[in-house]
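# Understanding the architecture of this molecule
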Amino acid sequence: EPEVTQTPSHQVTQMGQEVILRCVPISNHLYFYWYRQILGQKVEFLVSFYNNEISEKSEIFDDQFSVERPDGSNFTLKIRSTKLEDSAMYFCASRSTGGGGYTFGSGTRLTVV
Amino acid sequence: EDKVVQSPLSLVVHEGDTVTLNCSYEVTNFRSLLWYKQEKKAPTFLFMLTSSGIEKKSGRLSSILDKKELFSILNITATQTGDSAIYLCAVGGAQKLVFGQGTRLTINP
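Description of the structure in this document.

Criteria and cut-off values
Residues numbered from 1 in each chain as written. Chains lettered and ligands numbered in written order. Predicted model: local features only at pLDDT ≥ 70, side-chain atom pairs only at ≥ 80, totals over all residues. Heavy atoms only, no water. Helix = DSSP H or I, 4+ residues; strand = E, 2+ residues; numbered from the N terminus. Rg over C-alpha atoms; globule rule 2.2 N^0.38 Å. Buried < 20%, exposed > 50% of the residue type's maximum accessible area, 1.4 Å probe, protein only. Contact = heavy atoms within 4.5 Å. Disulfide = S-S within 2.5 Å. Polar contact = N/O pair within 3.5 Å; in protein donor to acceptor, adjacent residues only side chain to side chain. Pairing = 2+ DSSP bridges. Axes fitted to C-alpha atoms, helices over the stretch in contact; angles between N-to-C directions. Core = buried A, V, L, I, M, F, W, Y, C linked by side-chain atoms within 4.5 Å.

A separate point is the overall build of chain B. Scanning chain B from N- to C-terminus turns up zero helices and 11 strands. Shown N-terminal to C-terminal, the secondary structure of chain B runs as helices and strands in the order β-β-β-β-β-β-β-β-β-β-β. Against the compact-globule benchmark of 13 Å for 109 residues, chain B has a radius of gyration of 13 Å, which places it among compact chains. Judged by the C-alpha coordinates and their principal axes, chain B covers about 40 × 25 × 20 Å. Looking at the 109 residues of chain B, the share that counts as buried comes to 44%. Of all intrachain contacts in chain B linking residues separated by at least 6 positions in sequence, the fraction that spans at least 24 positions is 54%.

Given below as structure tokens:
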């Protein structure tokens, strides 16, 4: 069964450093998303991406965040200057145009120290 | 503001019991309601509901949506220890999913 692949599975970074989280969505999917889940809290929407541009973003997705689809298969989330409160599990998801269910990757656990 | 509320937040039952998990929502531009099971990491897809009153079934799990009353239930019959997980309800709008806080289900042998 097709899956969404995320790397790395766990990243530890120092406060103020830049991190790039990587995702390979399902190949025929056209809608891509990043969500995050702070430990013990609900899954929160960050950003949606379609046709090579952001279609919606949440209040969390401020200027320190950016997304890119650099090569037609990868979908990345960059956090420019990490803060302690960015520590969370980050999930990538994708879906097809047919309105099907969203498929989530296994997540990247980001720990900012 | 879009809102999805799940109840109960936590449920502990014995193997073999039947459980019902609830999800109510207030979302603009409703497109679909989805149920996910989250064990260790990624939420895994269970059901997507778009129409009222049509039950979706997969083995011991079933779910139904009421778009008039703005809620959905997820039923699990003959529970097994492998059903222990957090069950997430999410409502899909035009561009995103809004998640509830989840129900932590524990099945004791």
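Next up on the list: the state of the cysteines. Residue and element names in this part refer to chain A. Summed over all chains, the structure comprises two disulfides over all chains. A sulfur-sulfur distance of 1.9 Å marks the disulfide that ties Cys 23 to Cys 92. What sets the handedness of the Cys 23 and Cys 92 disulfide is the S-S torsion sign, and at about -65° it is left-handed. Placement of Cys 23 in strand 3 (residues 19-24) and of Cys 92 in strand 9 (residues 88-95) is noted, with a sequence separation of 69 residues between them.

With that settled, the discussion passes to unusual backbone geometry. Cis geometry is found at the peptide bond from Thr 7 of chain A to Pro 8 of chain A, where omega equals -10°. The residue Pro 8 of chain A is located in the loop between strand 1 (5-7) and strand 2 (10-13) in this model. Note that the residue after Ser 7 of chain B, namely Pro 8 of chain B, is joined by a cis bond; omega there is -10°. By secondary structure assignment, the location of Pro 8 of chain B is in the loop between strand 1 (3-7) and strand 2 (10-14). Not every positive phi belongs to a glycine, and Leu 70 of chain B is a case in point at roughly 60°. Position of Leu 70 of chain B among the secondary structure elements: in the loop between strand 7 (61-66) and strand 8 (71-76).

Turning our eyes to something else, we now look at the side chain of His 29 of chain A. Residues and elements named next belong to chain A. Its place among the elements puts His 29 in the loop between strand 3 and strand 4 (31-37). A polar contact of 3.2 Å, which involves the side chain of His 29, links it to the backbone nitrogen of Arg 95. Those residues within four positions of His 29 in sequence are excluded, and the remaining contacts are Ser 94, Arg 95, Ser 96 and Thr 103.

For the rest of this paragraph, the subject is the side chain of Asp 83 of chain B. Residues and elements named next belong to chain B. Within the fold, Asp 83 resides in the loop between strand 8 and strand 9 (85-92). When its relative accessible area of 5% is taken as the criterion, Asp 83 is described as buried. At 2.8 Å, the side chain of Asp 83 forms a polar contact with the backbone nitrogen of Gln 80. Asp 83 has contacts with Lys 37, Arg 60, Ile 76, Leu 105 and Ile 107, leaving out every residue within four places of it along the chain.

Attention now goes to the sheet that holds strand 1 of chain A. All names here are of chain A. Taken in spatial order, the four strands of this open sheet run 1-3-8-7, and their pairing is antiparallel. Two strands in the sheet have a free side with no partner beyond their single neighbour: strand 1 and strand 7 (65-68). Each strand of the sheet is rotated relative to its neighbour by a mean of 20°, with strand direction disregarded. Direction of pairing for strand 1 relative to strand 3: antiparallel, over a ladder of three bridges. Looking across to strand 3, one finds that Thr 7 is bridged to Arg 22.

As a further point, take the nonpolar core. By size, the foremost hydrophobic cluster in this structure holds 23 residues, and its most contacted members are Trp 34, Leu 46, Phe 61, Val 67, Phe 75, Leu 77 and Tyr 90 of chain A. For this core, the secondary-structure elements that each account for two or more residues are strand 3, strand 4, strand 5 (44-50), strand 7, strand 8 (75-79), strand 9 and strand 11 (108-112) of chain A. Counting 22 residues, the second largest nonpolar core, distinct from the first, contains Leu 65, Leu 74, Ala 85 and Leu 105 of chain B.

This is a description of form; function is not addressed.
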